[in-house]
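So you can see what is in the structure, the chains are spelled out below.
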Amino acid sequence: MWETEEGFQMQKIWEGLGISNDFLFGKVMRDPELCQGLLQRIFPDMEIDHVEFPVAQKSISVDMDAKSIRLDLYVVDGTGTVYDIEMQVVDTKELPKRTRYYQSVMDLEMIDKGESYTKLKKSFIIFICPFDLFGKGRHIYTFRNCCMEDRKLLLGDDTAKIFLNAEGTKKDVSKELREFLNYVGGKKSKDSFVMRLDEAVKRAKQNREWRHEYMTLLMRDQEKFEQGMEQGMAQGMEKGITGMIVRMYENGFTIEQIALCANKGVDEVKAIVEREKLARV
């Protein structure tokens, strides 16, 4: 497989992955100590003595007709608190509503029919982003349900949605969390936790089983791309390719992944994405 040009390109993509890749992030964070360390940085005022079981790529489907979800990292700590941690590299313009849906599906899985609502556990949905979703320069945006007439009065439903921003400029979080977010943004760090995380990323990329799994997913994406191209032939070849590239980008695929699937150069794909983004403004 690796002797072909396609295999060589896939290998380059794998070698170039960092912690901001959701697949690699999920694999690395299966280490309970690393996962606990990250949560402790996000929640410095909480005592997270251990996590029970980090589960990467957890799928939840409530019924046949409802939209299922796949969580990058599903974590339960020693108190039963539930965390969904998502690595999100692209602003798909629907992240706030996605957190709403994720919360509802997670709640449905927590309790069975006839059980008391008190069985619902405290839960956090966390999106880690290399971009500023709200444009306020904050490293962290935390949303809880509160009374509009008295903002200090919380609903008390034990839920929160948190967006972390690697492009933050304010001094609104600890140095430790800033170091992690800088690492997500591609910067090197001498912070002890980040260095451990970086070593874990390097070891993960030496894991042949994970590499094969990722390559299989890439090939599946390429097949879907080609199927979509066949369906879009009636629209014209170039228009169909452009539309598929934009849809893949909006669904979180990296420029390198799209270039491989579309059989185009990385610079060409970047130019198409930028052109289409400007056209939609």
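Above this note sits the structure.
On a predicted model such as this, the values are computed, not experimentally measured, just so you know. (Residues numbered from 1 in each chain as written. Predicted model: local features only at pLDDT ≥ 70, side-chain atom pairs only at ≥ 80, totals over all residues. Heavy atoms only, no water.)

## Overview of the pairing of strand 2 (residues 69-76)
- Summarising burial for strand 2: seven of the eight residues are buried, a large majority.
- Note: strand 1 (residues 55-60) against strand 2, five bridges, orientation antiparallel. Paired with Ile 60 across the strands is Ile 69, a residue of strand 2.
- As defined by bridge partners, strand 2 adjoins strand 3 (residues 82-87) across four bridges and the pair is classed as antiparallel. Bridge pairing in strand 3 links Val 76 to Val 82.
- Between the end of strand 2 and the start of strand 3, which pair antiparallel, lie five residues, with Gly 80 showing a positive phi angle near 95 degrees. (Buried < 20%, exposed > 50% of the residue type's maximum accessible area, 1.4 Å probe, protein only. Helix = DSSP H or I, 4+ residues; strand = E, 2+ residues; numbered from the N terminus. Pairing = 2+ DSSP bridges.)

## Remarks on the packing of aromatic side chains
- Within the structure shown, the criterion is met by twelve aromatic pairs.
- Seen in terms of ring centroids, Phe 43 and Tyr 83 are 5.8 Å apart; in terms of plane orientation they differ by 50 degrees. Their pairing is tilted. One end of the pair, Phe 43, is in the loop between helix 3 (32-42) and strand 1; the other, Tyr 83, is in strand 3, with 40 residues separating them in the sequence. Assigned by exposure class, Phe 43 and Tyr 83 land together as buried.
- Judged by centre distance (5.8 Å) and plane angle (20 degrees), the ring pair of Phe 127 and Phe 163 falls under stacked. Remark: Phe 163 occurs in strand 6 (residues 159-165) and Phe 127 occurs in strand 4 (residues 123-129); sequence separation between them is 36 residues.
- Assessed through its relative accessible area of 0%, Phe 127 is described here as buried.
- Three or more aromatic residues joined by ring pairs make a cluster, and in this case those are Tyr 102, Phe 127, Phe 134, Tyr 141, Phe 143 and Phe 163. (Phe/Tyr/Trp six-rings, centres within 6.5 Å; stacked < 30°, edge-to-face > 60°.)

## Remarks on the nonpolar core
- Counting residues in each nonpolar core, the largest one holds 48 residues, and the members touching the most others are Leu 39, Ile 126 and Ile 128.
- When neighbours within four sequence positions are excluded, Ile 128 is seen to be in contact with Phe 25, Leu 38, Ile 85, Glu 86, Met 87, Gln 88, Leu 164, Phe 180, Leu 181 and Val 184.
- Judged by nonpolar contacts, the second largest core, of 18 residues, contains Ile 60, Ile 69, Tyr 74 and Phe 127. (Core = buried A, V, L, I, M, F, W, Y, C linked by side-chain atoms within 4.5 Å. Contact = heavy atoms within 4.5 Å.)

## A closer look at the sheet that holds strand 6
- Strand order in the open sheet formed by six strands is 1-2-3-4-6-5, and the pairing between neighbours is mixed. Of all strands in the sheet, those with a lone pairing partner are strand 1 and strand 5 (140-143), marking the two edges. Shown here is a sheet whose adjacent strand axes are inclined to one another by a mean of 30 degrees, direction ignored. (Axes fitted to C-alpha atoms, helices over the stretch in contact; angles between N-to-C directions.)

## Thoughts on the pattern of salt bridges
- Counted under the stated rule, the structure contains eight salt bridges.
- Lys 27 is the salt-bridge partner of Glu 213, the closest N and O atoms lying 3.0 Å from each other. Here Glu 213, found in helix 7 (residues 208-231), pairs with Lys 27, found in helix 2 (residues 22-28); they are 186 residues apart in sequence, far enough to count as distant.
- Between Asp 191 and Arg 41 there is a salt bridge, with its nearest N and O atoms 3.0 Å apart. With Asp 191 in the loop between helix 5 (175-184) and helix 6 (192-204) and Arg 41 in helix 3, the pair connects residues that are 150 residues apart, well separated along the chain.
- Residue Arg 41 is classed as buried on the basis of its relative accessible area, which comes to 13%.
- Residues joined in a network through salt bridges with shared partners are Asp 198, Glu 199 and Lys 202. (Salt bridge = Lys/Arg side-chain N within 4 Å of Asp/Glu carboxyl O.)

These figures capture arrangement, not role.
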